[in-house]
Amino acid sequence: MICNYLAFEGIDGSGKSSLIRSLSEILTSQHIDNKIVREPGGTKVGEGVRELLLSHEYDVDALTEALLFCSQRSQLVTEIIKPEINKGTKILSDRSAYSSVAYQGVGRGLGYETIYQLNDIAVNSYWPEKVVLLDIDPTISLSRQRVADRIGSDKVDFFKKVREGYLRLAEEFENNFLIINAEEDLSDNLQKICTWLKVENSK
Ligand code: TYD
């Protein structure tokens, strides 16, 4: 695999979780140590912050939301991601700082550059090396969703902006992003991801 820190990104309902699990199984079958982490969450502090961010109980202001995402992320990078990578483990992350640029920066309108810079401080410039972006029309992804959390239950126009944010990131960091059509067959997409990452797909 060509990187140690890989993130999966995409709007709600784009199907990241199944692809991450499948890739993790392939790596494990080849005795490649790997760990799946999720954002928000992944640490004790982070899971507490996740509750504040996603529960319908709280009314969270946009900048507060961006800062809460940063806080759980700095803990995750320090407590889990860096030590695991130093031990030789591959990190497969369900979302990352790029989610914040798309959701808070563009979706909430706090500013692409501003949220990028804020996150650069939070992760101490430790961004995922490669990103798989599952691209999908929000009207389709939202209809796939079962139970939506506070952020995931926003209107379709919000997700259209988030999608634009992701596509802008993919253009800016084109050498590090693979755009996948999330409406296509899961096993075909898994094969594309493996080819891109130079992982042998034994399935
Ligand atoms: P999650 O249950 O992980 O949803 P999904 O299965 O779509 O990944 O909830 C994460 C929610 O938080 C999702 O709506 C995206 C949002 N989010 C942000 O707005 N900014 C961020 O930085 C991150 C990591 C997530």
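This report concerns the structure included in the present document. Per-chain numbering applies: the sequence of each chain, read as written, is numbered from 1 onward. Thresholds applied to this predicted model are a pLDDT of at least 70 for local features of residues and 80 or more for the giving and counting of side-chain atom pairs; totals over whole chains, interfaces and linings are not thresholded and use all residues.

### A short note on the sheet that holds strand β5 (residues 177–181)
The test is simple: Should DSSP find at least two bridges between two strands, the strands are taken to pair. Helix and strand definitions here come from DSSP, where helices need a minimum of 4 consecutive H or I residues and strands a minimum of 2 consecutive E residues; each element is numbered from the N-terminal end. Axis definition: a line fit to C-alpha positions, over the contact stretch in the case of helices; interaxial angles, taken between N-to-C directions, run 0 to 180 degrees. For every residue pair, C-beta atoms are placed from the backbone, and the pair is scored as a contact if these atoms sit within 7 Å.
Strand order in the open sheet formed by 5 strands is β2-β3-β1-β4-β5, and the pairing between neighbours is parallel. The open sheet is flanked by β2 (34–38) and β5, the only strands paired with a single partner. In this sheet, adjacent strand axes meet at a mean angle of 20° when their direction is disregarded. As defined by bridge partners, strand β4 (residues 130–135) adjoins β5 across 5 bridges and the pair is classed as parallel. Within β5, the position partnered with V132 by the bridge is L178. The strands touched by helix α1 (residues 16–29) within the sheet are β1 (5–10), β2, β3 (90–94) and β4, with β3 carrying the most contacts at an inclination of about 165°. Lying on the sheet, helix α3 (residues 62–86) is in contact with β1, β2 and β3; it crosses β2 at an angle near 165°.

### Describing helix α7 (residues 156–172)
Count 3.6 residues to each turn of an α-helix, and residues three or four apart come out pointing the same way. Inclusion rule: Here a helix's expected span is defined as the number of its residues, less one, multiplied by 1.5 Å. Remark: C-beta atoms are placed from the backbone, and a residue is labelled buried if 20 or more other C-beta atoms sit within 10 Å of its own, exposed if 12 or fewer do, or partly exposed between those counts. Note: the arc covers the axis-to-C-beta directions of the helix.
Between its terminal C-alpha atoms α7 stretches 25 Å, which fits the 24 Å expected from 17 residues at 1.5 Å a residue. Among the residues of α7, those classed as buried are F158, F159, V162, R163, G165, Y166 and L169. When α7 is viewed along its axis, its buried side chains cluster within an angular range of 155° and face the same direction. Structural note: α7 exposes V156, D157, E171 and E172 on the side pointing more than 90 degrees away from its buried face. Its buried side turned inward, α7 meets β1, α4 (97–107), α5 (112–122), β4, α6 (138–144) and β5.

### Side note on the environment of Q191
When you line up the elements, Q191 lands in helix α8 (residues 186–197). Q191 sits in the partly exposed class, given 13 other C-beta atoms within 10 Å.

### Considering unusual backbone geometry
Of the consecutive residues E39 and P40, the connecting peptide bond is found in the cis state with omega at -5°. By the secondary structure assignment, P40 is in the loop between β2 and α2 (44–54). Backbone geometry places H31, a non-glycine residue, at a positive phi of 60°. Taking the number of C-beta atoms within 10 Å as the measure of exposure, H31 has 6 and is therefore exposed. Of note, the phi angle at N124 is positive, near 55°, even though the residue is not glycine. Here N124 is to be found in the loop between α5 and β4. Accessibility expressed as a C-beta count within 10 Å gives 11 for N124, which makes it exposed.

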